[in-house]
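Structural characterization, general
Read off the chains here:
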Amino acid sequence: MQNKSKKIGLTIRVIIVVSLFFGTIIALAALATNSEYVSEYVLRRIAQGVANKGFEVNLSDIKGKFIDKITIKKVKIKKNSDKFAVLLDNIAFGLNFERLYTKGVVSFDIDAENAVISGLNISNERILNIPTYNDLTCFAYFPAEIEISSLNIKKIRYVFNKLKDTELVLAPLKITPTNNVLEKNLVAYFKASWKAGNLGVASFSGTLNQKAKKINGTIDVAMAGQKLKSEINVSRKKGKNFEVSGYLSESVFDTAPISRWLAGLWQDNFPFSFDGKLSCSGSWLYNSNVGFLGNLSGKCEKLHVVAMGLFIQVLELNNTWQYLNGTISINDTGSRLFDFPAILNGKIDSVFFDNERKWDLNFICKNADAASITATLPWGIKYGLNLPQLKGEFDLSVSVIGKDPNTTLRIASQKLVSGSDNEMAEISGTVSWLYSEKQKHVEAIIDVENIDGVPRFFSRFALESALNDIKKNYNETVKLNYRLFGDPYAETSLEGAFTGTEAGAIESILLFGSFLGGEGSLKLESKEKQIAEAHKVNIYDLLLLK
């Protein structure tokens, strides 16, 4: 919000400088309306006065008299301290004093071929990182006693610093009189380019009430492959408070082109893209003091989350949503994880305020079939991960809670079978992974029972006799239970034990492990001695016993 306020402030400064320039002209015009020489002298004295405010003003080829119409070939207003400049070509302006004595108002009309505003800064590095896209109006801030009668600028270009060939073009910008003295028709056509890519176009049609400092109308936008139409009201409140509000007609957005454009910004941390429809309608308001508010609602319909590069549809989201005064609420209408029913519900409070944002989202999928999911994976993925044959069902839940926030992923299974033939093992238990900026923690509570023989995983232990002892002492019916806990990005520990299924079995064989960055070592021990070790063990291999 702070960056937006700075940009609004800069725009207002620009308009104030221009208004001072023309406003002072009007104030002095009555003193020299009949002399072309005096008219030019007054203009140059005004330029010198503006220069004393820190701006350099250059005028060229001045002709005409204030009583008729003044034309200027070029006007250049420049501020060297921040590389800010305004350049206007072929300006013609006239004055009207008819309401000076009755209403204390002087009106003027302006025509210009071109206006270029350069040196505007975009300082946020995250904004600068937005790639090229390949596939609002200026607020008339003039003193109340100086009135725009008509304005016609054929082309205005806003050129930004640090971004080559990035600009906003208004072509044209027109203000024309109406039957109502206080209101003028305002028409503008916008074209935006981002890093030499055509980002979008928009058109505005409405009215300007200069005395009330208001603009009302309708804006049609086609940007980044999307179209929307909204009523819009722009006003200036007390002090420097600036407000834009409106009503957005129901619009449907296709997330695919936007995802293709911006996915590179998040692919390292979230390697997924989006494909599907998102609808939106309702009232909205942006106030420079309080931020963005509104009462907006819509639907997600078959919004697909696709794994980048693999073209695998992981999620399908179907829900209704509402944004009300800073809070987004989501209600599920039938989402899916792969091809299994899932639910996404919750809310995000103060979504546009970093310091106040609070999360409360929950995603649940129950009874997902492991065999069906692994069957949908490409052969290269299964081979690269060395996935064992999996059978059975599992539950998955993800919760995003709090201000930090804490993200918890939990997988639970009552009877997941890993492996095949004489290496199968039944895995029951839960794996929970907690992540936040303040803490990162994984915890697994697992029970394993072999079905026929010792699972292949335990062939990693160097001493074959250790495995023989396990088989012999437990009559080849082995149970393992263990707990894994710690920071998955740093040090993680494991404690567990082998036990038998028959009464009177010998003492337990203990299992210990320590992992660093997901890889580590395991030890088999009895109460009397260390039995065997396994090195370079991956936690992922341990969880699936492969």
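Everything numeric here is computed off the predicted structure, so don't read it as measured data.

Parameters at a glance
Residues numbered from 1 in each chain as written. Predicted model: local features only at pLDDT ≥ 70, side-chain atom pairs only at ≥ 80, totals over all residues. Heavy atoms only, no water. pLDDT = per-residue confidence, 0-100. Contact = heavy atoms within 4.5 Å. Helix = DSSP H or I, 4+ residues; strand = E, 2+ residues; numbered from the N terminus. Buried < 20%, exposed > 50% of the residue type's maximum accessible area, 1.4 Å probe, protein only. Salt bridge = Lys/Arg side-chain N within 4 Å of Asp/Glu carboxyl O. Polar contact = N/O pair within 3.5 Å; in protein donor to acceptor, adjacent residues only side chain to side chain. Pairing = 2+ DSSP bridges.

Examining the confidence of the model for the protein chain
Counting all residues, the mean pLDDT for the protein chain is 80, and 79% of those residues have values of 70 or more. Note that pLDDT drops below 50 for residues 136–142; the model gives that stretch 30 contacts with residues more than four away or on any other chain.

Re unusual backbone geometry
The peptide bond linking Ala171 to Pro172 adopts the cis configuration, its omega dihedral lying at 0°. Among the structural elements, Pro172 can be located in strand S6 (residues 167–177). The omega torsion across Asp404 and Pro405 is -15°, close enough to zero to call that bond cis. Note that Pro405 resides in the loop between strand S20 (393–402) and strand S21 (406–418). Even without being a glycine, Lys302 presents a positive backbone phi close to 50°. Considering the arrangement of structural elements, one finds Lys302 in strand S13 (residues 291–307). Residue classification places Lys302 among the exposed positions, given a relative accessible area of 55%.

Description of the pattern of salt bridges
A pair can form between side chains of opposite charge whenever their charged atoms are brought close. Throughout the structure, instances matching the rule amount to seven salt bridges. Put simply, Asp254 and Lys277 hold a salt bridge, and the shortest N to O gap is 3.9 Å. Residue Asp254 is found in strand S11 (residues 242–254), and its partner Lys277 is found in strand S12 (residues 272–287); the two are separated by 23 residues along the sequence. The class for Asp254 is partly exposed, based on a relative accessible area of 25%. Judged by relative accessible area, which is 40%, Lys277 ranks as partly exposed. We note a salt bridge from Glu443 to Arg483, for which the minimum N-O separation is 3.1 Å. Placement of the pair is Glu443 in strand S23 (residues 440–450) and Arg483 in strand S24 (residues 478–486), with a sequence separation of 40 residues. Exposure remark for Glu443: the relative accessible area of 25% places this residue in the partly exposed category. Residue classification places Arg483 among the partly exposed positions, given a relative accessible area of 37%.

Some points on the environment of Trp266
By the element assignment, Trp266 lies in the loop between helix H5 (255–262) and S12. Polar side-chain contacts of Trp266 include one of 2.8 Å to the backbone oxygen of Phe272.

Focus on the pairing of S11
Taken together, the seven bridges between strand S10 (residues 226–236) and S11 define a ladder with antiparallel strand orientation. Each residue of the ladder has a partner; that of Glu231, found in S11, is Tyr247.

Looking at the pairing of strand S14 (residues 312–324)
Alignment of S13 against S14, held across 11 bridges, turns out to be antiparallel. Following the sheet pairing, Val305 is matched in S14 by Leu315. Linking S13 back to S14 in an antiparallel pair, the connection comprises four residues, with Gly309 at a positive phi of about 80°. By the bridge criterion, two bridges tie S14 to strand S16 (residues 335–337) in an arrangement that is antiparallel. Within S16, the residue paired with Glu316 across the bridge is Arg336. In the sheet, S14 pairs with strand S15 (residues 327–332) via six bridges, with the strands oriented antiparallel.

Some details on the side chain of His304
Within the secondary structure layout, His304 lies in strand S13. Polar contacts involving the side chain of His304 include one to the side chain of Glu316, which spans 3.2 Å. Discounting residues that sit within four places of it in the chain, His304 has contacts with Ser273, Phe274, Asp275, Gln313, Leu315 and Glu316.

As for the environment of Val169
Its place among the elements puts Val169 in strand S6. Residues Val169 and Val201, spaced 32 residues apart in sequence, show a C-alpha to C-alpha distance of 9.3 Å.

Focus: H5
Burial analysis of H5 places six of its eight residues in the buried class, which makes it a mostly covered element. Listed as buried for H5 are Thr255, Ala256, Pro257, Ser259, Trp261 and Leu262. Contact partners of the buried residues in H5: strand S8 (197–209), S10, S11, S12 and S13. Taking the backbone nitrogen of Ala256 as reference, a side-chain oxygen 3.1 Å away marks Asp254 as the first, capping residue of H5.

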